[in-house]
Amino acid sequence: MTRPFEVGVVVRDLEPMERFYCDLLGCRAVHRSRVPESVGGPAGLGGELVVVWLQVPSGGCVKLLLPSSPAASAHEALPLVGCTGLSYLTFHLDDLDPVVAALAAAGARPLSEPVVVLARGRRVSFWSDPEGNAVELVDARGEDSGPGRSN
């Protein structure tokens, strides 16, 4: 491999998704491009689309893909391992508490109760982003820091 890993997320509404991943998870928009049908069609992307590359602070990239034709909603399976295929994106944070505190106001919803779980010295929290994609937040603090937490 010559570059860090990238993942593509097909979206219905680009601006709120860009705000979610940048404002809450610390990504930074580094490039925006329109892919014409003449490229997107033959490449297997289904036609014309807009792509926004979001640099993840620790490396890698989340690409938000907005097709010119509305995309169908992904099947939302709970538990997350209830179907095969890609299930969620993981973001490692210094402290997930401030992010967890802001997620609901940004249109996200928790996928578990308690919202934060202590597991093997790490705190993990699974959320659905504003369009239903699962996101895992992890920090290595390994302490039970408040209400809604579990060991």
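Quantities reported herein were computed from a predicted structural model and do not represent experimental measurements.

Draft legend 1. The arrangement of the nonpolar core in detail. In terms of nonpolar packing, the biggest core is built from 29 residues, with Y21, L25, L64, F91 and L137 touching the most fellow members. Elements represented by at least two residues in this core include exactly β1 (6–10), α1 (14–24), β3 (49–55), β4 (61–67), β5 (88–92), α3 (97–103) and β9 (134–139). At six residues, α1 tops the list of elements feeding residues into this core. Every residue in contact with L25, bar those within four places of it in the chain, is listed here: F20, P57, F91, V99, V135 and L137.

Draft legend 2. Quick look at the sheet that holds strand β2 (residues 28–35). Pairing in this open sheet of four strands is mixed, and the strands run β1-β4-β3-β2 from one edge to the other. If you trace the sheet from one side to the other, it starts and ends with β1 and β2, each paired once. Ignoring which end each strand starts from, the neighbouring axes of this sheet average 20° apart. Running at roughly 10° to β3, α1 makes contact with β2, β3 and β4 of the sheet.

Draft legend 3. How the structure looks around the side chain of E18. Relative to the assigned elements, E18 resides in helix α1. In contact with E18, not counting residues within four places along its chain, are D23, A29, R32, V52, L54 and L64.

Draft legend 4. Focus on the confidence of the model for the protein. Confidence in the prediction of the protein, expressed as mean pLDDT, is 88, and 91% of residues score 70 or more. Per-residue pLDDT stays below 50 along residues 146–151; that stretch engages in 15 contacts with residues further than four places along the chain or on separate chains.

Draft legend 5. Representation of the packing of aromatic side chains. A full pass over the atoms with the stated rule returns three aromatic pairs. Measuring from ring centre to ring centre gives 6.1 Å for Y21 and F91, while their planes differ by 45°; the resulting arrangement is tilted. Remark: F91 occurs in strand β5 and Y21 occurs in helix α1; sequence separation between them is 70 residues. There is no split in this pair, since Y21 and F91 are both buried.

Draft legend 6. Structural context of the pairing of strand β7 (residues 116–119). Bridge count between β7 and strand β8 (residues 122–128): three bridges; the pairing is antiparallel. Paired with V117 across the bridge in β8 is V124. The turn joining β7 and β8, which pair antiparallel and follow one another in sequence, is formed by two residues; a positive phi near 55° is taken by R120.

Draft legend 7. The arrangement of the pattern of salt bridges in detail. Taken as a whole, this structure holds eight salt bridges when the rule is applied. Here D95 makes a salt bridge to R123, at a shortest N to O gap of 3.4 Å. Of this pair, D95 sits in the loop between β5 and α3 while R123 sits in strand β8, placing them 28 residues apart in sequence. A salt bridge links D97 to R123; the shortest N-O distance between them is 3.1 Å. With D97 in helix α3 and R123 in strand β8, this residue pair connects regions lying 26 residues apart in the sequence. One exposure class covers both D97 and R123, and it is buried.

Conventions we followed
Residues numbered from 1 in each chain as written. Predicted model: local features only at pLDDT ≥ 70, side-chain atom pairs only at ≥ 80, totals over all residues. Heavy atoms only, no water. Core = buried A, V, L, I, M, F, W, Y, C linked by side-chain atoms within 4.5 Å. Buried < 20%, exposed > 50% of the residue type's maximum accessible area, 1.4 Å probe, protein only. Helix = DSSP H or I, 4+ residues; strand = E, 2+ residues; numbered from the N terminus. Contact = heavy atoms within 4.5 Å. Pairing = 2+ DSSP bridges. Axes fitted to C-alpha atoms, helices over the stretch in contact; angles between N-to-C directions. pLDDT = per-residue confidence, 0-100. Phe/Tyr/Trp six-rings, centres within 6.5 Å; stacked < 30°, edge-to-face > 60°. Salt bridge = Lys/Arg side-chain N within 4 Å of Asp/Glu carboxyl O.

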